[in-house]
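Examination of the molecular architecture
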Amino acid sequence: MQDTSLNTAPVKYNKPIIYFLLLWALLNAVQAFTLEIHADEAYYWVYSRFLDWGYYDHPPMVAVFIKAGYSLMHNEFGVRLFTVISTTASLYLMWMMLKRYRVDAISFILVVSGIFVFHIYGFTTTPDAPLLFFTVLFLYFYQQYIEEDSLKLALILGVVIACLLYSKYHGILLVAFTLASNIKLLRRGSFYGIVLLALALYAPHILWQVNHDYPSISYHLSERSADDYQLDNTYLYPLGQLIMAGPLIGWFLFYKGFTAKIQDVFTRTLLVNSIGILAFFFLTSFKGEVQLHWTLIAYVPLSMLVLISFARSAGKPLWFNRLAVINVSLILLVRICIIWGPPFLLKIDAMKSFFGFKDWAHQIQKKAGDNYVIFYEGFQDPSKYNFYNNTTRGLAYDSRHYRRTQYDIWPIEDSLQHKKTYYVLDVWLPGVTTDSINVFAGKWYGGWVDDTRTYQRVEFETLAPKEAVSPGQKIDFDLTVKNPYPFAINFSNKDQKHPVFFEACFFKKTDQITIQKADESFHNISLKPGESTHFKFNVTAPEQPGRYQLIFSLRTEPFFGGRNSKSINITVK
């Protein structure tokens, strides 16, 4: 039975909370205004220039956040505006949920401001920013729904769950663990209405995935998984979470939260979500790398559990406030250093992306003019170029050494075929690069490519995702290739300035082991828009036993070769 005895607790200490939230918003606004765009934020800004129901890496809510803010202010602050607003609103809603448990304002301020991951997404606009907001909004209305089974709350929750899933796929964990904590929800007719409404609102994204051959599912569940278990992914995970929870108080928050006594259905929900989400990503570390911020949504219920525990008699030790003040001071010192940008900070890889790229982007634009610019490998540099020049003429070349990105779906590549383009690399390429771009952000090289020819969006498919073979064994692949462009394509090298080659590339981890070229019949392929055909490629397995990844790649000079197939696991025994 739901315990409502705490619902009549007096409202205390609202003024300190209001002052804290104003200072929180001000600090985040200053950081949002003064700091250069991060590479990921720039990438999501390009999302907002091509609004859609889905993207290769993530659902579209981050693009909506950026579009709304950037329409008001065309700068970094505009990109981050709705993050600053939403994170402040999130903390206020958390306070509103906690007041009934007699949580005092000072404890609330010290705990939530001491959680390091909350500071990261206080001003940085990535999919985690809307995820944080809709996580809190879900818990806010769910707390009411526990007590009142009403149509109004059911409709609101259906919409909020859809927005949660439109923010980041991790949102499904919050929904699943909430249901696990309160199976009695299955007895409510309104529960099924919530599910149906959320699915109906989420249907456009599901259809987008279907129409694009499920790129996000393939990327997150397959391409990001490591073939071999790496111990450091697992033992670094808890250490990283201690930092995310607060460099000095994180250990105590975990202890206090995980040992909290269940008072009612809502606190059980908080406990199950805290433990469940953190445990889920710990298990994920056995399959591949877990980025530290993926657990963001676990810290909302965890911090609330800790504060509810503090509100009980003798729930908070006397030394906690002093340690928490030092903890917050350290975090603030880090944030001030990021704004200031001292030289030692620029040596840290995670910080480099925030400094010097505005000038870098303008220097490249001076050389390229209004022409398309192709950047070798990775979505980061073309996205920053596009943002600072307010354009979409920067393209990420889909290198076989990297991975596919949303640039493989956008129509940018369509527009540069057989045009003069400017090619930017971080290495000197004899015969191509003629310019050096030496700025604060580093050194790059550029050069012109006449009559550009690329096939980045072409994908070769095969029905054999895994193969176990003998050393040197011949493997026949029956590949299906379809023309995804709105114009005809062919792979002939006749009368072409830049020849194209079709190659099978074996990789061992990140090292390219062998390259094998397709036979000359490949150059006879010609496809109209939407037309498909088959091509048989006879590939020779590596001589050395081991586990390899096979990538089929189209290479057009002067580029290094694209990633034109999913990775195929080959085991040589």
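As shown above, the structure is provided for reference.
Keep in mind the model is a prediction, meaning the values are calculated, not measured.

**Concerning the packing of aromatic side chains**
- In this structure the tally under the stated criterion is 61 aromatic pairs.
- Taken together, Tyr455, Phe460, Phe477, Phe491, Phe502, Phe522, Phe535, Phe537 and Phe552 form an aromatic cluster joined through their ring pairs.
- Of note, Arg188 hangs over the ring of Tyr145, and the distance from its end group to the ring centre comes to 4.6 Å.
- Positioned above the aromatic ring of Phe501, the side-chain terminus of Lys517 is 4.5 Å from the ring centre.

**Side note on the sheet that holds strand β5 (residues 442-449)**
- Taken in spatial order, the five strands make up an open sheet running β2-β1-β3-β5-β4, and their pairing is mixed. This sheet does not close on itself; its edge strands, each paired only once, are β2 (394-397) and β4 (435-439). Going across the sheet, the axis of each strand differs from the next one's by a mean of 25°, ignoring polarity.
- Of the pairings in the sheet, the one linking strand β1 (residues 373-376) to strand β3 (residues 421-425) comprises three bridges and is parallel in character. Bridge pairing in β3 links Phe375 to Val424.
- Helix α18 (residues 357-368) contacts β1, β3, β4 and β5 of the sheet and is inclined by roughly 160° relative to β4.
- Each of β1, β2 and β5 is contacted by helix α19 (residues 380-388), which is oriented at about 180° to β2, the strand it contacts most.

**Description of helix α1 (residues 14-34)**
- Compared with an ideal rise of 1.5 Å per residue, which puts 21 residues at 30 Å, α1 spans 30 Å between its outermost C-alpha atoms and is within 8% of the ideal.
- Along α1, the residues classified as buried are Ile17, Phe20, Leu21, Trp24, Asn28, Ala29, Gln31 and Ala32. The buried residues of α1 occupy an angular sector of 165° when projected down its axis, which confines them to one face. Turned more than 90 degrees from where α1 packs its buried face, Lys15, Tyr19, Leu22, Leu23, Leu26 and Phe33 sit exposed.

**Some thoughts on the pairing of β2**
- Residues Gly394 and Ala396 point to one face of β2 and Leu395 and Tyr397 to the other, with burial holding for every one of them.
- Looking at chain direction, β1 and β2 are connected through four bridges and run parallel. Each residue of the ladder has a partner; that of Ile374, found in β2, is Leu395.
- Once you follow β1 into α19 and on to β2, the crossover reads as right-handed.

**Comments concerning the nonpolar core**
- Within the largest apolar cluster, 83 residues are counted, with the highest numbers of intra-cluster contacts made by Met94, Phe108, Phe118, Tyr142, Phe266 and Tyr299.
- With twelve residues, the top contributor of residues to this core is helix α7 (residues 128-147).
- One finds Tyr70, Ile364, Phe387 and Tyr388 within the second-largest nonpolar core, a separate group that totals 46 residues.

**Notes on the packing of α7 against helix α8 (residues 151-167)**
- Where α7 meets α8, the axes come as close as 9 Å, and the angle between the chain directions of the two elements is 160°. Here α7 is positioned roughly antiparallel relative to α8, judged by the angle of their axes. By crossing handedness, the relation of α7 to α8 is classed as left-handed. On α8, the residues touching Pro130, Leu131, Phe134, Thr135, Leu137, Phe138, Phe141, Tyr142, Gln144 and Tyr145 of α7 are Leu153, Ile156, Leu157, Val160, Ile161, Cys163, Leu164 and Ser167.
- The class makeup of the residues in the contact of α7 with α8 is 15 nonpolar, three polar and no charged.

**Digging into the pattern of salt bridges**
- A full pass over the atoms with the stated rule returns 15 salt bridges.
- Between Asp57 and Arg403 there is a salt bridge, with the nearest N and O atoms lying 3.0 Å from each other. You can see Asp57 sitting in the loop between α2 (39-49) and α3 (61-70) and its partner Arg403 sitting in the loop between β2 and α20 (412-415), a full 346 residues away along the chain.
- Judged by its relative accessible area of 3%, Asp57 falls in the buried class.
- For Lys168, the salt bridge identified is with Asp128, shortest N-O distance 2.8 Å. Here Lys168 is found in the loop between α8 and α9 (171-181), whereas its partner Asp128 is found in helix α7, with 40 residues between them in sequence.
- Residue Lys168 is classed as buried on the basis of its relative accessible area, which comes to 4%.
- Judged by its relative accessible area of 3%, Asp128 is buried.
- Connected through salt bridges with shared partners, the residues Asp213, Asp398, Arg404, Asp408, Glu459 and Lys566 form a single ionic network.

**Topic: the sheet that holds strand β8 (residues 474-482)**
- Ordered by their spatial adjacency, three strands build an open sheet running β6-β8-β13, and the pairing between neighbours is antiparallel. Whereas interior strands pair on both sides, the edge strands pair on one side only; in this sheet they are β6 (460-461) and β13 (532-540).
- Summarising the sheet, β8 and β13 pair through nine bridges and their orientation is antiparallel. What sits directly across from Asp478, in β13, is Lys536.

About the thresholds
Throughout, residues of each chain are indexed from 1 in the direction in which the sequence is written. Given that this is a predicted model, residues contribute local features only at a pLDDT of at least 70 and side-chain atom pairs are listed and counted only at 80 or more, while totals for whole chains, interfaces and linings are drawn from all residues. Note that the side-chain values use all heavy atoms of the structure and ignore hydrogens as well as water. Pairs were defined over the aromatic rings of Phe, Tyr and Trp, the Trp ring being its six-membered one, requiring ring centres within 6.5 Å. Orientation was assigned from the angle between planes: stacked under 30 degrees, edge-to-face over 60, tilted for the rest. Criterion for a charge above a ring: Lys NZ or Arg CZ within 6 Å of the ring centre, and within 35 degrees of the ring normal. For two strands to be treated as a pair, DSSP must find no fewer than two bridges joining them. Runs of H or I in DSSP of at least four residues are treated as helices and runs of E of at least two as strands, each being numbered from the N terminus. Helix axes are fitted to C-alpha atoms over the stretch in contact, other axes to C-alpha atoms as well, and angles between N-to-C directions run from 0 to 180 degrees. Any two residues whose heavy atoms approach within 4.5 Å at even a single point are treated as in contact. To estimate how far a helix should reach, multiply one less than its number of residues by 1.5 Å. Throughout this description, buried means an accessible area under 20% of the type-specific maximum (1.4 Å probe, protein chains only), exposed means over 50%, and partly exposed covers the range between. Within this analysis, the arc is defined by the directions that extend from the helix axis to the C-beta atoms. When the strands point away from the viewer and the connection leading from the first strand across the helix to the second strand turns clockwise, the crossover is called right-handed. Only buried residues count toward a nonpolar core. Its members are Ala, Val, Leu, Ile, Met, Phe, Trp, Tyr and Cys residues joined through side-chain atoms within 4.5 Å. The cut-offs work like this: below 35 degrees is roughly parallel, past 145 is roughly antiparallel, 65 to 115 is roughly perpendicular, and the gaps in between are oblique. Take the far helix as the reference: if the near one is turned anticlockwise from it by less than a right angle, the crossing is left-handed, and if turned clockwise, right-handed. Each residue gets one label: Ala, Val, Leu, Ile, Met, Phe, Trp, Tyr, Cys and Pro are nonpolar, Asp, Glu, Lys and Arg are charged, and the others, such as Gly, are polar. Any carboxyl oxygen of Asp or Glu within 4 Å of a side-chain nitrogen of Lys or Arg constitutes a salt bridge here.

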